[in-house]
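Given next are the chains, with one letter for each unit.
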Amino acid sequence: MRKILLLAFLFEIVSLSLSAQTQRLEEIQGKTILLFTPHPDDDVFGAGGTIALLNRHHNKVYIVVYTNDNKGSYDPEMSSERLARIRRAEQEASEGVLGTPKENILWMGYDDGMLEYAPQPKLTEEATALIRRIRPDVLLSVDPGEWYERWHKTDHRMAAFNTIDAVRAAEFWLYFPNQKLQQGLQPYRVPEMYFFYPAPQEANYWVNIDPVADLKLDAAAKQVSQFEPSVNKYRPDWDAKDLEKAKEEMRKEQPKKDGHYVEAFRYATGFVQY
Ligand SMILES: [Zn+2]
């Protein structure tokens, strides 16, 4: 009996937390969406299908990129400046495939791998200003990731923590009060949040991306310099066979649930912020 009561109680909690979610993410229309990504590709790999669906549904999608991703090449001829330019163009092409206009991609411009050493009040202040300016109905951000990543993936960890710090700060005008006093940015409370790259144990929301699964692969393949052979010796394009191989690998890695391609999120809302 007690077990049944406990189950009923748990069911109540689950249905209460689900009812807090006003609409399924993939069905939202005509809203403003703001996504924070550590590097100019995690948005596509982690949430590209969802972004495509959001764009199809006439939402205004903004992508904030923390770093310029200017270190991850094995090419001895590469320079950081050149790589930053390459990655920027690839990101614009990649998000373009998903329907995001390039003027909606906002670059914070930190160096790859260095986010943890950026002056933290400045980092949080900048992200806070973006939230107060864009005033998203839904915010998407990176989670610190799988458990091993939490220890080893510095930019992901930092972007995750910084974004949620900024969500809190955006709500209370006394954080960075000059944003209100000098720039007229009013405080803003983010209503709903989804975190991509969740640890599997913590994922609690899945978007079926079947209708845009191939589009997501096309978008990811625009990030040419992230893949072999371009990551070893830069070239801006693909051999047909390399492209097919890369897409095949991505297709295999794309998570599936109940026979559908999905993107996993940790849905969270209603944090105690004060
Ligand atoms: Zn990354």
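See the structure shown above.
Keep in mind that this is a model prediction, so the values were computed, not measured.

Cut-offs and rules
Residues numbered from 1 in each chain as written. Predicted model: local features only at pLDDT ≥ 70, side-chain atom pairs only at ≥ 80, totals over all residues. Heavy atoms only, no water. Helix = DSSP H or I, 4+ residues; strand = E, 2+ residues; numbered from the N terminus. Rg over C-alpha atoms; globule rule 2.2 N^0.38 Å. Buried < 20%, exposed > 50% of the residue type's maximum accessible area, 1.4 Å probe, protein only. Areas by Shrake-Rupley, 256 points an atom, 1.4 Å probe, with all protein chains shown as cover. Lys, Arg positive; Asp, Glu negative; His and termini not counted. Charge placed at Lys NZ, Arg CZ, Asp CG, Glu CD. Donors = N, O, S within 2.8 Å, 3.2 Å for Na, K, Ca; no water. Tetrahedral: all angles 85-135°; square planar, octahedral: opposite > 155°, others 65-115°. Pairing = 2+ DSSP bridges. Expected span 1.5 Å × (residues − 1). Arc of directions from axis to C-beta. Core = buried A, V, L, I, M, F, W, Y, C linked by side-chain atoms within 4.5 Å. Contact = heavy atoms within 4.5 Å. Axes fitted to C-alpha atoms, helices over the stretch in contact; angles between N-to-C directions. Parallel < 35°, antiparallel > 145°, perpendicular 65-115°, else oblique. Left-handed = near helix turned anticlockwise from the far one by under 90°. Nonpolar A, V, L, I, M, F, W, Y, C, P; charged D, E, K, R; others polar. Salt bridge = Lys/Arg side-chain N within 4 Å of Asp/Glu carboxyl O.

Participant: Just to check I follow, could you spell out the overall build of the protein chain for this structure?
Facilitator: In terms of regular secondary structure, the protein chain is built from nine helices and eight strands. Here the C-alpha atoms of the protein chain give a radius of gyration of 19 Å, agreeing with the 19 Å that 2.2 N^0.38 yields for 274 residues. Along the three orthogonal principal directions, the C-alpha set of the protein chain runs to about 65 × 50 × 35 Å. Residue burial in the protein chain is summarised as follows: out of 274 residues, 48% are buried. A total of about 14200 Å² of accessible surface is found on the protein chain, and carbon and sulfur atoms cover 56% of it. Each charge class in the protein chain was averaged separately, 34 positive and 41 negative side chains, and the resulting centres sit 3 Å apart.

Participant: How should the coordination of the zinc ion be read in this particular structure?
Facilitator: Reference values for angles at a metal are 109.5 degrees in the four-donor tetrahedral case and 90 or 180 degrees in the six-donor octahedral case. The protein atoms that coordinate the zinc ion are His39 (ND1), Asp42 (OD), Asp42 (OD) and His156 (NE2), at distances of 2.1 to 2.6 Å. Viewed at the metal, the four donor atoms of the zinc ion are separated by angles of 53 to 144 degrees, and the geometry they form is irregular. Expressed as a motif, the donor residue spacing for the zinc ion is H-x2-D-x113-H. A residue pair is termed long-range when its members are at least 10 positions apart, and histidine 39 in the loop between strand E1 (32–37) and helix H2 (42–56) and histidine 156 in helix H6 (residues 154–171) qualify at 117 residues. For the pair histidine 39 and histidine 156, one class covers both residues: buried.

Participant: Sorry, what's going on with the pairing of strand E4 (residues 138–142) here?
Facilitator: Two faces make up the sheet, and in a regular strand the side chains alternate between them. With five of five residues buried, E4 lies mostly within the body of the structure. Inspection of the sheet shows E1 paired to E4 by four bridges, in the parallel sense. Bridged to leucine 35 within E4 is leucine 140.

Participant: I would appreciate a short explanation of unusual backbone geometry in the present structure.
Facilitator: Working note: non-glycine residues mostly have negative phi, and peptide bonds are mostly trans. The step from glutamate 228 to proline 229 runs through a cis peptide bond, and the omega angle for that step is 5 degrees. Structurally, the position occupied by proline 229 is in the loop between helix H8 (213–221) and helix H9 (240–253). One non-glycine residue, aspartate 69, adopts positive backbone phi at about 60 degrees. Tracing the chain through its elements places aspartate 69 in the loop between strand E2 (60–67) and helix H3 (80–97).

Participant: Just to check I follow, could you spell out H3 for this structure?
Facilitator: For an α-helix, 3.6 residues make a turn, and residues three or four places apart therefore share a direction. Across its 18 residues, H3 extends 26 Å between first and last C-alpha, which sits within 8% of the 26 Å expected from 1.5 Å per residue. Those residues of H3 not exposed but buried are Leu83, Ala84, Ile86, Arg87, Glu90, Gln91, Ser94 and Glu95. Looking down the long axis of H3, one finds its buried residues gathered within 165 degrees of arc, a one-sided arrangement. Every exposed residue of H3 that faces more than 90 degrees away from the buried side is listed here: Glu81 and Arg85.

Participant: Honestly, the nonpolar core in this entry has me stumped. Any pointers?
Facilitator: Nonpolar side chains tend to gather and get buried jointly when the protein is soluble and globular. In terms of nonpolar packing, the biggest core is built from 61 residues, with Leu25, Phe36 and Ile131 touching the most fellow members. Beyond its immediate chain neighbours, meaning those up to four positions away, leucine 25 contacts Thr50, Leu54, Val138, Leu140, Tyr194, Tyr205 and Val207.

Participant: Explain the packing of H2 against H8 to me, please; I cannot follow it from the model alone.
Facilitator: Packed helix pairs are specified by the crossing angle of their axes together with the interaxial distance, meaning the distance between the axes. Where H2 meets H8, the axes come as close as 9 Å, and the angle between the chain directions of the two elements is 120 degrees. Between H2 and H8, the angle falls in the class oblique. When you trace H2 past H8, the crossing you get is right-handed. In this structure, H2 contributes Val44, Phe45, Gly46, Gly48, Gly49, Ala52 and Arg56 to the contact, and H8 contributes Leu215, Lys216, Ala219 and Ala220. Of the residues belonging to the contact of H2 with H8, the class tally is six nonpolar, three polar and two charged.

Participant: Is there a simple way to explain the pattern of salt bridges in this structure?
Facilitator: Pairing between side chains of opposite charge can happen when the charged atoms of each approach one another. Throughout the structure, instances matching the rule amount to 17 salt bridges. Arginine 235 is paired through a salt bridge with aspartate 237; the nearest N and O atoms lie 3.0 Å apart. Residue class for arginine 235 comes out partly exposed when judged on its relative accessible area of 25%. Each of Asp214, Glu248 and Arg251 takes part in salt bridges that share partners, so that together they form one network.

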